[in-house]
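Spelled out, the chains give:
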Amino acid sequence: MSLAVSLRRALLVLLSGAIFILTVLYWNQGVIKTQAYSEAQPRPHVQRDRNIDPIPLEKSWTYKCDHDRCVRVNYHKNEDNAKRVSFISCSMTCGDINIWPHPTSKSLVSAHTLRFSVEDVHLRLDSPHRDVRKQLKLAFDWFIKELRQIQRLDYASHTDDIAMAAAASSVSEPSSRLGGLHKTDSDVAESPPLAGSLFSATFGSHRAGDLDSLQVKLSVHESDQLNFNLDNDESYKLSTTYEHRRILVHISAQTFFGARHGLSTLQQLIWYDDEERLLRTYVSSLINDEPKFRYRGLMLDTSRHFFSVDAIKRTISAMGLAKLNRFHWHITDAQSFPYISRHYPELAEHGAYSESETYSEQDVREVTEFAKIFGVQVLLEIDAPAHAGNGWDWGPKRGLGELSLCINQQPWSFYCGEPPCGQLNPKNNHTYLILQRLYEEFLKLTGPTDIFHLGGDEVNLDCWAQYFNDTDLRGLWCDFMLQSNARLKLANGNEALRHVVVWSSALTNTKCLPNSQFVVQVWGGSTWQENYDLLDNGYNVIFSHVDAWYLDCGFGSWRATGDAACSPYRTWQNVYKHRPWERMRLDTKRRKQVLGGEACLWTEQVDENQLDNRLWPRAAALAERLWSDPNDDHDFDIVPPEVFRRISLFRNRLVELGIKAEALFPKYCVQNPGECI
């Protein structure tokens, strides 16, 4: 009996042990599988609203092209035999070429399109210039990154970094792919194809589309120029050919800058088809393109509100897509001095809003290098002599005297345009030395150039009159600007810059500044007499008319007293229709004096939360006006329907890339082009 009981107990113990072991094995197997799957799959990229498609799918609608216009039709998958056509696929194959800004010459694209994935895209570099090849590779890396974003590929950010690093190490010098042998520049002038998918290892082999490869060949032979100047050749030619499941896109240009614009155009010849969940592009295309104006700028004021480096870089990436080429960084003003100077850190210590709201040399360098990838030059401006208050009040403590006058003086309306007041001391040599050191730092950070902005606007003579009432105050302003320019020359290795920009004012018509060097940025009204006077006096000009290209206008007064606002709101149509060179009926000589234009965003009522929608897509309207300046046969107040169609699609492209661009009209109007105009 006792033996039977013992056997039963032993069997129960064995059974319990077996169950326990099987449970552990099963659990471990699940864990192992989960870990193996996790290691095999890229981690999802965690980002804001990562599960929300920037352009929602519209599965209930299909689109048909009818007389160069996409028509929305209800779609029932089980009832309709025809395949659903997405809105963007219809838009890209119906009517005129859908590129913003529109190319300056006649462009051709085929009606037939093909599907592919970003992993099918490869790069072939064709240039004898090593530094140009490196810069083209950087531009191509960002092109690929944005294509992945367009295709809704949401992989781990660390995987991107690894892939980019691999790209840099294996691609920047093609000789590393040539058996390890040392090659001269001429030997590696044309590199072997480089995977725009160096991401292939991440994605795996995938050939769901119509192509085995889409090769982008970037050819720059003539110039090794990578420094910005107003004579940069920005022209390019883009052609696409197709053969045996392979597309070759050839972008040829005289300079890196032209090739970079070609990549921006190519990006707009590619779109995401949400029905296929793949990218599409044309079987063939031919585009010859170059800008009408050399200076196509956007100004951001980072003194009245601080903007992070990421926000500035996001703005610059959108500028590159729109082919704007000058980022005018109004980095300081009377309100704050956020730049940390190597020579005079006291300026930021006394002038920044907080320790975290500052720009280091590394920040400026980072922005500058990033901007070059997109073909954008960074122009830093320290406004002087006016708009110089907070940050300049430490001179007496250092034995340097009063560097600035009227700082925070009341009543402010007597001594400046808006509070707080402050105007540099024109008779203190230390003031000029500080400016010289700042110019040196800026030139070193942004690289060699032929253009620099000295500020110079809204000088209040009543401020100076309190201290120098026995002096010709207009002459004092002239002396200040000429001395500042002399210090700029010293800062530039004793070499005068070809173009020195100042803001327009009543003082710029005094003719004391040499018109052979000084450029006037005209911010006043487009009908003001100063526009004609400056041209008649021989000055080159950059137009930034307040009644058309000031993007901060139309949001009401921010003060209880005084104007404190410009109005009305400048719509994208206002921006687009503004052609001052036509309205002014300029002859050929005076047209050549117009270097271009610039949209301005002063930030009394703008911080980082509003930045994107204050700028975009209105800044894009300026971009087309300055790039191709389309002939306008319509009434001055009416924009052609095809322009509505193209800018609406460009706005969607910005949204795809994370730019929170302002809506242009109700979505119904987007889905039904032409109905609301």
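Note that residues are indexed from 1 along each chain, following the sequence as it is written. Side-chain atom pairs in this predicted model are given and counted only at pLDDT of 80 or more, local residue features only at pLDDT of at least 70, and totals for whole chains, interfaces and linings cover all residues. To get the side-chain values, all heavy atoms of the structure are used, and hydrogens and water are removed first.

**Q** So what's going on with the pairing of strand β5 (residues 121–126)? Residues and values would help.
**A** Regular strands show a simple pattern: their side chains alternate between the two faces of the sheet. Three exposure classes are used, based on accessible area relative to the maximum for each residue type with a 1.4 Å probe and protein chains only: buried under 20%, partly exposed in between, and exposed over 50%. Secondary structure counts use DSSP, requiring at least four H or I residues in a row for a helix and at least two E residues in a row for a strand, with both numbered from the N terminus. Here β5 lies mainly inside the structure; 6 of its 6 residues are buried. Of the two faces of β5, the one holding Val-121, Leu-123 and Leu-125 and the one holding His-122, Arg-124 and Asp-126 are both buried throughout. Two strands qualify as a pair provided that DSSP identifies no fewer than 2 bridges between them. Here β5 pairs with strand β7 (residues 213–220) via 6 bridges, running parallel. Residue pairing for β7: Asp-126 is matched across the bridge by Ser-219.

**Q** How would you summarise unusual backbone geometry if you had to cite specific residues and measurements?
**A** The peptide bond linking Trp-100 to Pro-101 adopts the cis configuration, its omega dihedral lying at -5 degrees. With respect to the helices and strands, Pro-101 occurs in the loop between α2 (87–93) and β3 (108–109). Of note, Asp-68 is a non-glycine position whose phi angle comes to about 60 degrees, a positive value. Relative to the helices and strands, Asp-68 is located in the loop between β1 (61–65) and β2 (70–74). What makes Asp-68 exposed here is its relative accessible area of 55%.

**Q** An account of the sheet that holds strand β14 (residues 326–332) is requested, with residue identities and associated values reported.
**A** One closed barrel holds the 8 strands; their spatial order is β13-β14-β15-β18-β19-β20-β21-β22, and the pairing between them is parallel. Along the sheet, successive strands turn relative to each other by an average axial angle of 30 degrees, direction set aside. Pairing analysis gives 4 bridges linking strand β18 (residues 451–455) to strand β19 (residues 499–503), with the strands arranged parallel. Pairing of His-453 across the sheet is with Val-501, part of β19. Residue contacts are counted whenever heavy atoms from the two residues lie within 4.5 Å of one another. A fitted line through C-alpha atoms serves as each axis, taken over the contacting stretch for helices, and the angle formed by two N-to-C directions is quoted from 0 to 180°. Of the strands in this sheet, β13 (295–301) and β14 touch helix α7 (residues 309–322), which is tilted by about 160 degrees from β14.

**Q** Let's hear about the nonpolar core: which residues, and what values?
**A** In this description, a nonpolar core means a group of buried Ala, Val, Leu, Ile, Met, Phe, Trp, Tyr and Cys residues linked to one another through side-chain atoms lying within 4.5 Å. Trp-329, Trp-392 and Trp-616 are the most contacted members of the largest nonpolar core, which has 166 residues in total. Setting aside its immediate chain neighbours within four residues, Trp-392 contacts Phe-337, Leu-347, Leu-403, Ser-404, Ile-407, Leu-424, Ile-434, Leu-435 and Leu-438.

**Q** Mind laying out the packing of helix α9 (residues 361–373) against helix α10 (residues 429–446), listing which residues take part and the relevant values?
**A** It is at 9 Å that the axes of α9 and α10 come closest, and there the two elements cross at 40 degrees. By the angle between their directions, the pair α9 and α10 is classed as oblique. Judged by the sense of rotation from one axis to the other, the crossing of α9 with α10 is right-handed. For the pair formed by α9 and α10, the contact residues are Glu-361, Val-364, Arg-365 and Thr-368 on the first element and Glu-441, Leu-445 and Thr-446 on the second. For this classification, under 35 degrees means roughly parallel, over 145 means roughly antiparallel, 65 to 115 means roughly perpendicular, and everything else is oblique. Crossing chirality is assigned from the near helix's rotation relative to the far helix, an anticlockwise turn below a right angle marking it left-handed and a clockwise turn marking it right-handed.

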